[in-house]
Amino acid sequence: MKLSRRISNLPPYFFVEITKKIAEKKARGEDVVSFAVGDPDLPTPNHVIDQICRAARDPANHRYPETAGLPELRQAIASWYKKRFDVSLDPDSEVLPLIGSKEGIAHIALCLIDPDDTALVPDPAYPVYAIGTILAGGKTYYLSLTEENNFLPVLDTIPAHVLEEAKVIWLNYPNNPTGAVADIDFFNRVVKFAQQHDIAVCHDGPYSEVAFDGYQPLSFLQAEGSKEVGVEFHSLSKSYNMTGWRIGMAVGNAEMIDALKRVKSNLDSGIPQAIQYAAMAALTGPQDCIQRHNNIYQRRRDLVIDMLNRIGLEAKPPKASLYVWAKVPKGYTSAELANSLLEEVGVVVTPGAGYGKNGEGYIRLSLTIPDAGLVKGLSRLAGWRSKKEPGIKR
Ligand SMILES: *Cc1c(COP(=O)(O)O)cnc(C)c1O
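Note that the structure is predicted; figures quoted are calculated from it, not measured. All residue numbers here refer to positions counted from 1 along the written sequence of the relevant chain. Only residues with pLDDT of at least 70 get local features here, since the model is predicted, and only at 80 or more are side-chain atom pairs given and counted; chain-wide, interface and lining totals rely on the full set of residues. Hydrogens and water are ignored here; the side-chain numbers use all heavy atoms of the structure.

Novice: Just to check I follow, could you spell out the overall build of the protein chain for this structure?
Specialist: When its secondary structure is counted, the protein chain shows 15 helices and 12 strands. For 394 residues, the compact-globule estimate of 2.2 N^0.38 gives 21 Å, and the protein chain sits close to it at 21 Å. With the principal axes as the frame, the protein chain shows a C-alpha extent of 60 × 55 × 55 Å. Using a 1.4 Å probe on the protein chains alone, a residue whose accessible area is under 20% of its type maximum counts as buried, one over 50% counts as exposed, and one in between counts as partly exposed. Out of the 394 residues in the protein chain, the part that is buried amounts to 55%. Pairs of residues are marked as contacts when any of their non-hydrogen atoms sit within 4.5 Å. Considering only residue pairs separated by 6 or more positions, the protein chain has 75% of its internal contacts joining residues 24 or more positions apart. Surface exposure here means Shrake-Rupley accessible area, sampled with a 1.4 Å probe, where a residue is shielded only by the protein chains that are shown. Accessible surface computed for the protein chain: about 17,900 Å², of which carbon and sulfur atoms make up 52%. In this tally, Lys and Arg are treated as positive and Asp and Glu as negative; His is ignored, and so are the chain termini. In this description, the location of a charge corresponds to atom NZ of lysine, CZ of arginine, CG of aspartate or CD of glutamate. With 44 positive and 46 negative side-chain charges, the protein chain shows a spacing of 6 Å between the two charge centroids. Each helix corresponds to a stretch of at least 4 residues labelled H or I by DSSP, and each strand to a stretch of at least 2 residues labelled E; elements are numbered beginning at the N terminus. For this measure, only C-alpha atoms enter the radius of gyration; the expected value for a globule follows 2.2 Å times N^0.38, where N is the number of residues.

Written out as structure tokens, the structure is:
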């Protein structure tokens, strides 16, 4: 058998080694505390679950759904954008529900990228932007996100020949893995840049509702002219603890939304309707769960930041997202530090290098760890530090 080049061209999964080590430790009966996965530990709110159960009993929801999603869901998404961001969307042409946003993020590459076209992709980043590009036969040009630039790409350093071949720019704020946020000036600059170079914008914003200290993240669609150049991917996953139900959305530019709908109508058969009703319940129902969850994450954030700084891993409190991005102390690569924490105290963190070259020098800790695990994990981190004493300087 000969597999396609597109499959052989996929980069090896960076986390293979550490995943193997975790499995080995668990098989030996050793207890591992994981700060690695970005998957809310808190349950989906009750009123949403009640709606799934009710809708599951209705035989009308047992049949094939439409690719475009239920009109009531598209309306609910448009109303939510209006209420939350004061962004107006036409539910028929500017809203497309997705089987989780990851699905749409990967598939939109097929709408924008021909073989040898270029996608501008941040580094570090959620891996799907580059993977979707590779699967579509395209090339990736990486935009460095560094602390000096507040983890925002510097658009005017992109070479002219790259801009000529570039079809799309990927952005993600609040950012995974760095926790960085973007303001409206940045989004306005992105719109100008996109217009100037005829490049589509794909903004990935699943963390807009996960924020702390009263901060309210923005939507890219709040930027003037944004709908002419791009779309935003969003998701119910992180806002309402619904990662397992698989529902998200793409909103914005009608031409891009229509292209994505054409790809999807040929590849999938829509989102199970009971889950579409659940999404409506989440978007139109009481929103107090969001603040309640954020209070929990904020408390965890403060505990994690405090401990990291005490043991010499410099970290700043993020304003939003589910992640703490901490600096690796001198003498370690990110993978070596992750390995040391796992081997010596059974704590799992994600090495920053797994998100790209610029992720080297950092580790990511997720705040989606239940309180009991959090307390145990923090005391193990303190234990790791005292084992190293006096090897590491602050
Ligand atoms: C979690 C996450 C997603 C995917 O969310 P789903 O809607 O569950 O597929 C997309 N982008 C980023 C940056 C994420 O962290």
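Read on, since the account is not over.
Novice: Explain the site of the ligand here, please?
Specialist: Being near a molecule or strand, for a residue, comes down to having at least one heavy atom within 4 Å of it. Near the ligand lie 15 residues; those nearest to it are Asp204, Tyr207, Ser235, Ser237 and Lys238. Between the ligand and Lys102, the relevant distance is 2.9 Å, taken from an oxygen atom to a main-chain nitrogen or oxygen of the residue. Ser235 has a polar side-chain atom sitting 2.6 Å from an oxygen atom of the ligand. Relative to its free-state accessible area of 390 Å², the ligand is covered by the protein chains to the extent of 94%. When residues in the shell around the ligand are grouped by element, the largest group, three residues, is from helix H5 (residues 101-107). Any N or O atom pair separated by 3.5 Å or less is treated as a polar contact, with the protein-specific requirement of one donor-capable and one acceptor-capable atom, and with residues adjacent in sequence counted only for side-chain atom pairs.

Novice: Can you walk me through the packing of helix H4 (residues 71-85) against helix H12 (residues 273-284) in this structure?
Specialist: Relative placement of two packed helices is described by the angle separating their axes and the distance separating the axes. Axes here refer to lines fitted to C-alpha atoms; in helices the fit is confined to the stretch in contact. Angles between the N-to-C directions go from 0 to 180 degrees. Relative orientation of the contacting elements H4 and H12 amounts to 25°, with a least axis distance of 9 Å. Between H4 and H12, the angle is such that the two are roughly parallel. For H4 against H12, the interelement crossing comes out left-handed. Touching Glu72, Leu73, Ala76, Ile77 and Trp80 of H4 are Gln276, Tyr277, Ala279, Met280, Leu283 and Thr284, all from H12. Amino acid classes used here: Ala, Val, Leu, Ile, Met, Phe, Trp, Tyr, Cys and Pro are nonpolar; Asp, Glu, Lys and Arg are charged; the rest, including Gly, are polar. Partitioned by chemical class, the residues of the contact of H4 with H12 number eight nonpolar, two polar and one charged. Here roughly perpendicular refers to angles of 65 to 115 degrees, roughly parallel to angles under 35, roughly antiparallel to angles over 145, and oblique to all remaining angles. Each helix crossing is assigned a hand: it is left-handed if the near helix lies turned anticlockwise from the far helix by less than a right angle, otherwise right-handed if that turn is clockwise.

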